[in-house]
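# Notes for the structure review
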Amino acid sequence: MIWQRVQDEFERQVVALKGAASNEDGQTRIAGAVRWLRGRKLVALGSLLAVIAVIGLMARPAPAEQTAAPPPALPLVVVETAKLTRIAPQIALAGTVLSHFDAQLASEVSGRVAWVADVGTEVKAGDVVVRLDPSVAAMQLASDKANVVRLQAQLTYDRSQAERMQRLFDQNAIAKATRDQAISARDVDVGALAVAAAARQTSQYNFDHEQIRAPFDGRVVQWLINPGEYATAGKPTVRLVDTGTLEISAQAPIDAAQFVHEGMSVTAMIDDKPVIAKVHTIVPVGDQLSRTVEIRLTLSPGAALVGDSAKVMIASAAPRQTIAVPRDALLLREEGTYLFKLDRTNTAIRVAVETGTEAGDLIEVTGPVSKGDRIVIRGAEHLEAGQKVRVKAI
């Protein structure tokens, strides 16, 4: 009886385990275990419980197969089409960034320097940049003004005296010589007063120019004299530079100057950064030794510093038709220069090219590249030949 109850309970557990089994293999193994136990009629309860545990483990649903990893996402790239365009061969001209207004301000009068604007000071046209001690000039101006007043008084007296002498002469009361002497004294006073007035104006000018003023907007960039030193007329005192009007001065070969004209825009490299400069003027006189002419190009304010070196790109021949791609498409490797183009199935094809003339963001390439080919310009760094890609819409 006990064995019958145990066997019944065992079969009930097996039925439950069968229901829990989630796959056909588990159910097959449970059924086999049941047949095995019935055939051998195990009597040991401990052994029976152990077998139940084993079958339970067998009946446990087999762990689901690991979810297959999704296929890796295709690389995302940005493309542009190769273009057939006109590009002219270019040469690089060495140039220097200059200011349109760069002056050493000299003193117009002599005197001891009392004050100089600090280096780096930004000034407007008319602002004072240097002051001389005005004491001597002020005394001279006062003396000349007094002299003018004295001579005006003298002229007033001598003019009246000449009029009186003229009336007496008309009455035959004095000699003609006496009258002429009075008239001569009056005329001398007129001349002396004119000289004194000019001296007063000179003194006033010297007094007014004891302060040296900026002739244009700019910055004080250098002291050429120090406070306390004596400045003479014509001696430079400070260097003033207008940093808002920048130019590039470059020397171009005479045979290349024919491809440059005033008003055209060209590319200049300053500190390895491209900037756009406009041709301001071409000096139509060549140097006899170097066979070059000077070209002045205008830069936008803040594009460079005065004194920077520049490399100006100008055409050296007439433009020609060529295949060009964006510069970002090029991959520079030890074995050469490459780019990737895509076929109709978006498969990357690695192509070896040789580069030529640049024009803005485009560069001439020679190799198996045709007009309209889709060229990878972003995302090519980690591509491999034959790899499929996704094209990002732009």
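Quick note: structure is the one above.
Residue positions are given per chain, counted from 1 along the sequence in the order it is written. Whole-chain, interface and lining totals are the exception, using all residues; otherwise, since this is a predicted model, local features are given only for residues with pLDDT of at least 70 and side-chain atom pairs are given and counted only at 80 or more. The side-chain numbers reported here are obtained from all heavy atoms of the structure, hydrogens and water having been left aside.

### Some words on the packing of aromatic side chains
The description of an aromatic ring pair rests on the distance of the ring centres and on the angle between the ring planes. Stacked, edge-to-face and tilted labels apply to pairs of Phe, Tyr and Trp rings (six-membered ring for Trp) whose centres lie within 6.5 Å, assigned for plane angles under 30 degrees, over 60, and everything in between, in that order. Within this structure, the stated rule accounts for one aromatic pair. Only lysine NZ and arginine CZ atoms are considered, and such an atom sits over a ring when it is within 6 Å of the ring centre and within 35 degrees of the ring normal. Across from the ring centre of Phe 169, 4.4 Å away, lies the NZ or CZ of Arg 179, which sits over that ring. We note Arg 350 situated over the ring of Tyr 338; from NZ or CZ to the ring centre the distance is 3.8 Å.

### A closer look at the pattern of salt bridges
We define a salt bridge as a contact between a side-chain nitrogen of Lys or Arg and a carboxyl oxygen of Asp or Glu at a distance within 4 Å. Under the counting rule described, the total for this entry stands at 14 salt bridges. One salt-bridge network, in which partners are shared between bridges, spans Lys 176, Arg 179 and Asp 180.

### Quick look at unusual backbone geometry
A positive phi angle is found at Asn 172, which is not glycine, with a value near 60°. Under the scheme used here, helices are H or I runs from DSSP no shorter than 4 residues and strands are E runs no shorter than 2 residues, and both carry numbers assigned from the N terminus. Among the structural elements, Asn 172 can be located in the loop between helix H4 (135–170) and helix H5 (176–208). Within the chain, Asn 346 stands out as a residue other than glycine whose phi angle is a positive 60°. Overall, Asn 346 belongs to the partly exposed group, its relative accessible area being 22%. Buried residues are those whose accessible area, probed at 1.4 Å on protein chains only, stays under 20% of the maximum for their type, while exposed residues exceed 50% and partly exposed ones sit between those limits.

### Thoughts on the pairing of strand S15 (residues 292–299)
Of the strand pairs in this sheet, strand S12 (residues 246–253) and S15 are connected by eight bridges, and their pairing is antiparallel. Along S15, the bridge assignment pairs Gln 251 with Glu 294. Examined bridge by bridge, strand S14 (residues 273–282) and S15 share four bridges and lie antiparallel to one another. Along S15, the bridge assignment pairs Lys 278 with Thr 298. Pairing between strands is defined by DSSP: at least two bridges between them are needed.

### Regarding H4
Across its 36 residues, H4 extends 53 Å between first and last C-alpha, which sits within 8% of the 52 Å expected from 1.5 Å per residue. Burial in H4 covers these residues: Ala 137, Leu 141, Asp 144, Val 148, Leu 151, Leu 155, Asp 158, Ala 162 and Met 165. What makes two residues a contact is simply this: any of their non-hydrogen atoms within 4.5 Å. On its buried face, H4 is in contact with H5. With its phi angle positive at about 60°, Asn 172 sits one or two positions after the end of H4. Each helix should span, by expectation, one fewer than its residue count multiplied by 1.5 Å.

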